[in-house]
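Residue-level listing of the chains:
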Amino acid sequence: MRLSLAAAGVTLLGQPLSALAGTDKDQITVWKSPTCGCCGEWVTHLKKSGFVVVTNDVKDTAPIRQKLGMPEKWGSCHTARLGSYVIEGHVPAQELRRLQRENPDARGLAAPGMPMGSPGMEVDGKRDAFDVLLVLKDGSSRVYQSYYSTSSAKKLS
């Protein structure tokens, strides 16, 4: 018994504190290319926003997207799972928190393409206008949140 407890203590000590403090609600699993810098920056954005991120480096996210039921037309450079929701692309963490609060009957959220200025795609403070879409279970979507260009920018956290 004493050896088992010691082994458990060593295992726990090897875990990052954020992983120990996080709840299942705060865990997001991300599938991304191991060589994609913008995906890594999005993961950093999520961690700074309090999410516990589990990353999986894969050569192609399309099979993951298909398995999780996210239509290819909403595809981007990385795919994630937050609870029962699929997250596609550079969706700001504040929209993930909103999704958790509102809990809509939907497949998930998508920021199609790689919008300049979205989390992970920041360049010299410039941002293009982009929409975060609520992807419904039938594959259709509606605008969940609009972000404007830097000339009339809504602050991203």
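The coordinates are above.
Conventions and cut-offs
Residues numbered from 1 in each chain as written. Predicted model: local features only at pLDDT ≥ 70, side-chain atom pairs only at ≥ 80, totals over all residues. Heavy atoms only, no water. Pairing = 2+ DSSP bridges. Helix = DSSP H or I, 4+ residues; strand = E, 2+ residues; numbered from the N terminus. Axes fitted to C-alpha atoms, helices over the stretch in contact; angles between N-to-C directions. Contact = heavy atoms within 4.5 Å. Buried < 20%, exposed > 50% of the residue type's maximum accessible area, 1.4 Å probe, protein only. Polar contact = N/O pair within 3.5 Å; in protein donor to acceptor, adjacent residues only side chain to side chain. Core = buried A, V, L, I, M, F, W, Y, C linked by side-chain atoms within 4.5 Å. Expected span 1.5 Å × (residues − 1). Arc of directions from axis to C-beta.

*Asks:* When you look at the sheet that holds strand β5 (residues 108–111) in this model, what are you seeing that I'm missing?
*Replies:* The strands making up a sheet are joined through hydrogen bonds of the backbone, oriented either antiparallel or parallel. Strand order in the open sheet formed by 7 strands is β2-β1-β3-β4-β5-β6-β7, and the pairing between neighbours is mixed. The open sheet has two edge strands with one neighbour each: β2 (52–57) and β7 (141–147). The average undirected angle you get between the axes of adjacent strands in this sheet is 20°. Where strand β3 (residues 79–82) lies against strand β4 (residues 85–89), 4 bridges are found, and the strand directions are antiparallel. Directly across from A80, in β4, lies its bridge partner I87. Across the sheet, helix α3 (residues 37–48) lies against β1 (27–32), β2, β3 and β4, angled at about 175° from β1, the strand it touches most. Lying on the sheet, helix α5 (residues 93–102) is in contact with β1, β3, β4, β5, β6 (130–135) and β7; it crosses β7 at an angle near 135°.

*Asks:* Got a minute to help me understand the side chain of R65 in this structure?
*Replies:* Its place among the elements puts R65 in helix α4 (residues 62–68). On the basis of relative accessible area, R65 is assigned to the buried category, the value being 4%. A distance of 3.2 Å separates a polar atom in the side chain of R65 from a polar atom in the side chain of E72. Setting aside chain neighbours within four positions, we find R65 in contact with M70, P71, E72, G75, S76, T79 and E88.

*Asks:* Teacher, can you tell me more about the nonpolar core here?
*Replies:* General note: in soluble globular proteins, nonpolar side chains tend to be found buried as a group. Core analysis: the biggest nonpolar cluster contains 23 residues, and I28, L46, I87, L96 and L109 have the highest contact counts within it. Leaving out residues up to four positions away in the same chain, L109 has contacts with M70, V86, I87, E88, V91, E95, L96, L99, V132, L133, L134 and Y144. Among the nonpolar cores identified, the runner-up in size contains 9 residues, and I64, L68, M70 and V135 belong to it.

*Asks:* I'm lost on α3 in this one. Help?
*Replies:* Residue pairs three or four apart in sequence face the same way in an α-helix, which turns once every 3.6 residues. With 12 residues, α3 extends 17 Å from end C-alpha to end C-alpha; this agrees with the ideal 16 Å at 1.5 Å per step. Those residues of α3 that fall on the buried side of the exposure criterion are C38, C39, W42, V43, H45 and L46. In an axial view of α3, the angular spread of the buried residues amounts to 155°, which keeps them on one side of the axis. α3 presents G37 and K48 as exposed residues on the side facing more than 90 degrees away from its buried surface. On its buried face, α3 is in contact with β1, β2, β3, β4 and α5.

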